[in-house]
Amino acid sequence: MDRLVIRGGVPLQGEVRISGSKNAVLPAMAAALLAPGESRVRNVPNLMDVRTMVRLLEHMGVVASIEGDVVRLDAGPAANPEAPYELVKTMRASFFVLGPLLARYKRARVSLPGGCAIGARPVNLHLVGLQAMGAEIDLMQGYVEARADKLHGATIAFDQVTVGGTENVLMAATLAAGTTVIENAAAEPEVEELARLLNRMGARVRGAGTRRIVIEGVGELSPFDHAVIPDRIEAGTFLAAAVATRGDVVLVGAALEHLEAVVRKFREMGAIVDPVASGLRVRAPQRLEAVDVSTAPYPGFPTDMQAQIMACLALARGRGLVTETIFENRYMHVFELVRLGADIAVDGRVAMVRGGEALDGAPVMATDLRASASLVVAGLAARGTTEVRRVYHIDRGYERIENKLLGLGARIERVHADGE
Ligand code: EPZ
């Protein structure tokens, strides 16, 4: 297993290009199942999760290829509509294929994802939504077995805002008979992006980006050619790294409109964030001020940035309270940040961070994607050497993170397991 070895304390300087959004690319790839012919997704980041999705689609008979940042996907008239446990367990986003398979191929067999490092993460809301549209669903030996001769429109009011549930139902509804209304829909930019892509395919979706999405079903869809939006969480992570190291970094291609809650919090901490022609420029004062942060569905502060801002709070003046409202177990990074000298106490969903003057390097263990990102942020700011182990978690969602950081002047190196 690879490790990242970071010699911290260097203020990051320069420009970093933000890649395409992982969480927009994965549903886009699933959407290719909805139409015959070759679809192209552009601006695709080079990530393990993208390769997993390609393998999953190939397993279903989709002809797939990755060339540079373009993924080509051709889903023929017949498919093997099955998502096996071996793939779904490594990537929950595999579950996105359920809605499109059901809509186009009338049946699907998709493994239940199971729990994961950040919480139970059930899929009940996805299933309730599809059942409301007429799907018959059985749970058999760890698999969701779903059938529907023809999905029909329905009004679906989610009890809780769910990004994946909204995306699954949204994709299924494009080919359903009649009108589907999703109430309490997720308004994340990735949902809006998916709706834009579906409309390009000939779907009729209105209201994406708000809490109420209306989809009028159509008879068929056409393949698409679509470049995805920049990754707001990758941008936020580099923003946090710039702030933690008191650097001066331009996030090239970052979209401020998708980062407002994040930028607001970092500005409250004293960071200077300015829109520039190529993206966003981030600078930070010598000492940050503590703030309280509570995660919330978009447009609130994203749970996917909670760990990274916590690393910054560990270096701020004063006490900050972090409240995680989306996932029940998303504090695995806390114990690792404590190993770097952070003073953090967790009580249920609230973490109290008492900021200190400095962190000190140590060996730490990555436990999930964003937890790992927070350890990299902390390691870049810490005195001495930090070794982040189990880097494969980071590779799921960050494209060439060490190369991008090297470009900003960080002293970071990937050590391959066989080099030990
Ligand atoms: C998406 O996951 C993202 N993943 C996550 O990013 C992100 O953290 C999350 O949305 C919240 O923003 C992708 O887009 C691929 P949810 P998703 O359904 O869709 C509960 C990252 O690091 N829930 O919005 O799985 C659930 O347990 C990842 O890039 C149900 O109870 O999240 C959670 O508490 C991690 N039943 C809450 O809703 C359901 O059927 C929100 O989950 C579905 C969800």
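Residues numbered from 1 in each chain as written. Predicted model: local features only at pLDDT ≥ 70, side-chain atom pairs only at ≥ 80, totals over all residues. Heavy atoms only, no water.

**Quick look at unusual backbone geometry**
Item 1. Residue P299 is bonded to the preceding Y298 through a cis peptide linkage, with omega at 10°.
Item 2. Mapped onto the fold, P299 is located in the loop between β19 (293–294) and α10 (306–313).
Item 3. Backbone geometry at N43 places phi at a positive 60°, although glycine is not the residue there.
Item 4. Along the chain, N43 falls in the loop between β3 (38–42) and α2 (48–59).
Item 5. For N184, which is not a glycine, the phi torsion comes out positive at approximately 55°. (Helix = DSSP H or I, 4+ residues; strand = E, 2+ residues; numbered from the N terminus.)

**Regarding the domain arrangement of the chain**
Item 1. Split by domain assignment, the chain resolves into domain 1 (3–19 + 230–415) and domain 2 (22–216).
Item 2. With 23 residues of domain 1 at the interface, the matching set in domain 2 holds 22 residues.
Item 3. Regarding the contact of domain 1 and domain 2, the summed buried area is about 1900 Å², with carbon and sulfur atoms giving 52% of it.
Item 4. Three residues stand out in domain 1 for area buried against domain 2, namely Y298, R396 and E399, and they jointly supply 32% of the buried area on that side.
Item 5. Seen at the junction of domain 1 and domain 2, the total is two salt bridges. (Domains from an automatic or database assignment. Contact = heavy atoms within 4.5 Å. Buried area = accessible area lost by both parts, 1.4 Å probe. Salt bridge = Lys/Arg side-chain N within 4 Å of Asp/Glu carboxyl O.)

**Observations concerning the pairing of strand β21 (residues 319–323)**
Item 1. Of the two faces of β21, only the one carrying G320 and V322 is buried; R319, L321 and T323 on the other face are not.
Item 2. Note that β19 and β21 share two bridges and pair parallel. By the bridge assignment for β21, S294 is matched with T323.
Item 3. Bridge count between β21 and strand β23 (residues 350–354): five bridges; the pairing is antiparallel. Of the residues in β23, the one forming a bridge with G320 is V353. (Buried < 20%, exposed > 50% of the residue type's maximum accessible area, 1.4 Å probe, protein only. Pairing = 2+ DSSP bridges.)

**Some words on empty space enclosed by the protein**
Item 1. Within the structure shown, the criterion is met by two cavities of 30 Å³ or more.
Item 2. Together, T237, F238, A241, A373, V376, V377, L380, I401 and L405 line the largest cavity.
Item 3. Taken together, the residues that form the lining of the largest cavity break down as eight nonpolar, one polar and no charged.
Item 4. If you add up the space inside the second largest cavity, you get close to 30 Å³.
Item 5. Secondary-structure elements contributing two or more residues to the lining of the second largest cavity are α10 and α12 (369–381).
Item 6. The class makeup of the residues in the lining of the second largest cavity is two nonpolar, three polar and three charged. (1 Å grid on protein atoms, 1.4 Å probe; cavity = no way out; pocket = protein on both sides within 12 Å on 5 of 7 lines; lining within 4 Å. Points joined across faces, edges and corners; volume = space filled by probe spheres on them. Nonpolar A, V, L, I, M, F, W, Y, C, P; charged D, E, K, R; others polar.)

**A word on the packing of helix α8 (residues 232–244) against α12**
Item 1. Where α8 contacts α12, the axes come no closer than 8 Å and their chain directions differ by 25°. By the angle between their directions, the pair α8 and α12 is classed as roughly parallel. Relative to α12, α8 is oriented so that their crossing is right-handed. Across the interface between the two elements, I233, T237, A240, A241 and A244 of α8 pack against R370, A373, V377, L380 and A381 of α12.
Item 2. Among the residues making up the contact of α8 with α12, the classes are represented as eight nonpolar, one polar and one charged. (Axes fitted to C-alpha atoms, helices over the stretch in contact; angles between N-to-C directions. Parallel < 35°, antiparallel > 145°, perpendicular 65-115°, else oblique. Left-handed = near helix turned anticlockwise from the far one by under 90°.)

**Remarks on the sheet that holds strand β1 (residues 3–7)**
Item 1. The sheet built from four strands is open, its strands ordered β24-β25-β1-β26 with mixed pairing. Edge positions in the sheet fall to β24 (363–365) and β26 (411–415), since each has one partner strand and no second. The average undirected angle you get between the axes of adjacent strands in this sheet is 20°.
Item 2. Here β24 pairs with strand β25 (residues 385–389) via three bridges, running parallel. Looking at β25, one finds that V364 is bridged to V388.
Item 3. This element, α12, spans β1, β24 and β25 of the sheet and lies at about 30° to β1.

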